[in-house]
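Single-letter residue listing:
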2 protein chains.
Amino acid sequence: MTNPIDFYFDFSSPYGYFSSSRIDELAAKYGREVVWRPILLGAVFKITGQQPLPTIPLKGSYAKHDLVRSARLFGVPFKVPSRFPIAGQAPSRAFYWLNDKDPVFARKLARALYHAYFAEDRDISSPEITANVAAKLGVDRAELLAALADPAVKERLKTEVDAAIERGVFGSPYVVIDGEPFWGSDRIEQIEKWLATGGW
Amino acid sequence: MTNPIDFYFDFSSPYGYFSSSRIDELAAKYGREVVWRPILLGAVFKITGQQPLPTIPLKGSYAKHDLVRSARLFGVPFKVPSRFPIAGQAPSRAFYWLNDKDPVFARKLARALYHAYFAEDRDISSPEITANVAAKLGVDRAELLAALADPAVKERLKTEVDAAIERGVFGSPYVVIDGEPFWGSDRIEQIEKWLATGGW
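Quick summary incoming for the structure in this document. (Residues numbered from 1 in each chain as written. Chains lettered and ligands numbered in written order. Predicted model: local features only at pLDDT ≥ 70, side-chain atom pairs only at ≥ 80, totals over all residues. Heavy atoms only, no water.)

**Describing the overall build of chain A**
Of regular secondary structure, chain A possesses ten helices and four strands. Helices (α) and strands (β) of chain A occur, in sequence order from the N terminus, as β-α-α-β-α-α-α-α-α-α-α-β-β-α. A compact globule built from 200 residues should have a C-alpha radius of gyration of about 16 Å, and chain A, at 16 Å, falls within 12% of that. Each of the three principal axes of chain A carries a C-alpha extent, and together these read 50 × 45 × 35 Å. Buried residues in chain A amount to 54% of all 200 residues. Expressed as a percentage of contacts within chain A between residues at least 6 apart in sequence, the contacts between residues at least 24 apart total 71%. (Helix = DSSP H or I, 4+ residues; strand = E, 2+ residues; numbered from the N terminus. Rg over C-alpha atoms; globule rule 2.2 N^0.38 Å. Buried < 20%, exposed > 50% of the residue type's maximum accessible area, 1.4 Å probe, protein only. Contact = heavy atoms within 4.5 Å.)

Structure, rendered in structure tokens:
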């Protein structure tokens, strides 16, 4: 029996989106489950003092170029969203609310939300748009909108983000395998090697 | 006839050190020369507002772990230096001063300086230690020490750093192939693919 892999990501993180398209398949190849854990980089950056990627001089424009080029290489549908970055509260709360009932379905929603934002340029920071994406998968729209405003659901997300920071998570994607942390979509080969060999 | 590749790096950048161990061989495989261009991330960070990696909460401690793990994977001799980061003026000035006479020899010096810092924990920010490393390769120690304090050599480095920033260089390593920029040692596979295919 092997431990599941933790996959931390922010819904506004394009590199998180890239990894989301590969992590489950990669883990399954080595008999591992993946626990998806949306976080809020905004809360993390208050601790680390970092700025959102697009706002950093020089690095921001490089990043936009790198994202488009990397997406083309990976064959992942992608365009730089009109609003970027965005606040991830609505999609993250939707995820955890569903996750408590049905983790497999919650993951399906996460994929749909990521696709809506990074492939269709829909602003999922809006509860209405997050609810539209969820409704298309069969979720009760009114029930979800109520959940997004529910203090218990808000608190649930806050607890997850605090726990992630406590664990040292400072970016997206951030993957933990048996306590071993890997940050960045460009660590996917090292992740595979770690899964295959148990470390080096 | 193909254009040379530009390889920008900071002598205090461990990821630059990792790339320095592979970039020449990789380029040669595709019939390319590499122009080595030391820069000063301190000057770059004044523009971008970034902080040195080891000083960033959470990310700094991850980086130290990632560096040791990556070095082990790549088979590159490495230990986190006692002083990290350091100012790169002395080794960078030594490089450009020699480079104007003999680029091949200057590159040999760059490798020796990187090794001194990241494998032997010698503080190459000291002109004396940079001179010791160079002297071991046959450079006249007194002449080099004089060059390190020469206003023309100082200006030479400043001009190189300004030109790099003008070109958008914001990190180390930063490689430019026919105008196409690649940041980070983890872009080495994309660099190889770009060299092999001319882009995608």
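**Here's the deal with the relation of the copies chain A and chain B**
Least-squares fitting of chain A to chain B yields an RMSD of 0.0 Å, with the superposition described by an axial translation of 0.0 Å and a rotation of 180°. Expressed as an axis order, the relation between the two copies is that of a two-fold axis. Among all residues of chain A, the one whose C-alpha sits closest to the rotation axis is Asp186(A), at a distance of 3.1 Å. Most of the interface of chain A is mirrored in chain B, where 100% of its interface residues are also at the interface. (Least-squares fit on C-alpha atoms with pLDDT ≥ 70 in both.)

**Describing the interface of chain A and chain B**
Of the residues lining the interface, 31 residues belong to chain A; the matching set on chain B comes to 31 residues. Between chain A and chain B the total buried area reaches about 2900 Å² when both faces are included, carbon and sulfur atoms providing 58% of it. On the surface where chain A and chain B come into contact, there are six salt bridges. For the salt bridge of Asp186(A) with Arg187(B), the shortest nitrogen-to-oxygen distance reads 3.1 Å. Put simply, chain A and chain B have 18 residue pairs in polar contact (both at pLDDT 80 or more) between them. (Buried area = accessible area lost by both parts, 1.4 Å probe. Salt bridge = Lys/Arg side-chain N within 4 Å of Asp/Glu carboxyl O. Polar contact = N/O pair within 3.5 Å; in protein donor to acceptor, adjacent residues only side chain to side chain.)

**As for the pairing of strand 1 (residues 5–9) of chain A**
All names here are of chain A. Among the five residues of strand 1, five are classified as buried, and the element is accordingly described as predominantly covered. Of the two faces of strand 1, the one carrying Ile5, Phe7 and Phe9 and the one carrying Asp6 and Tyr8 are both buried. For strand 1 and strand 2 (residues 34–38), the ladder comprises five bridges, and the chain directions are parallel. By the bridge assignment for strand 2, Tyr8 is matched with Arg37. Sheet analysis places strand 1 next to strand 3 (residues 174–177), joined by three bridges and oriented antiparallel. Bridge pairing in strand 3 links Tyr8 to Tyr174. (Pairing = 2+ DSSP bridges.)

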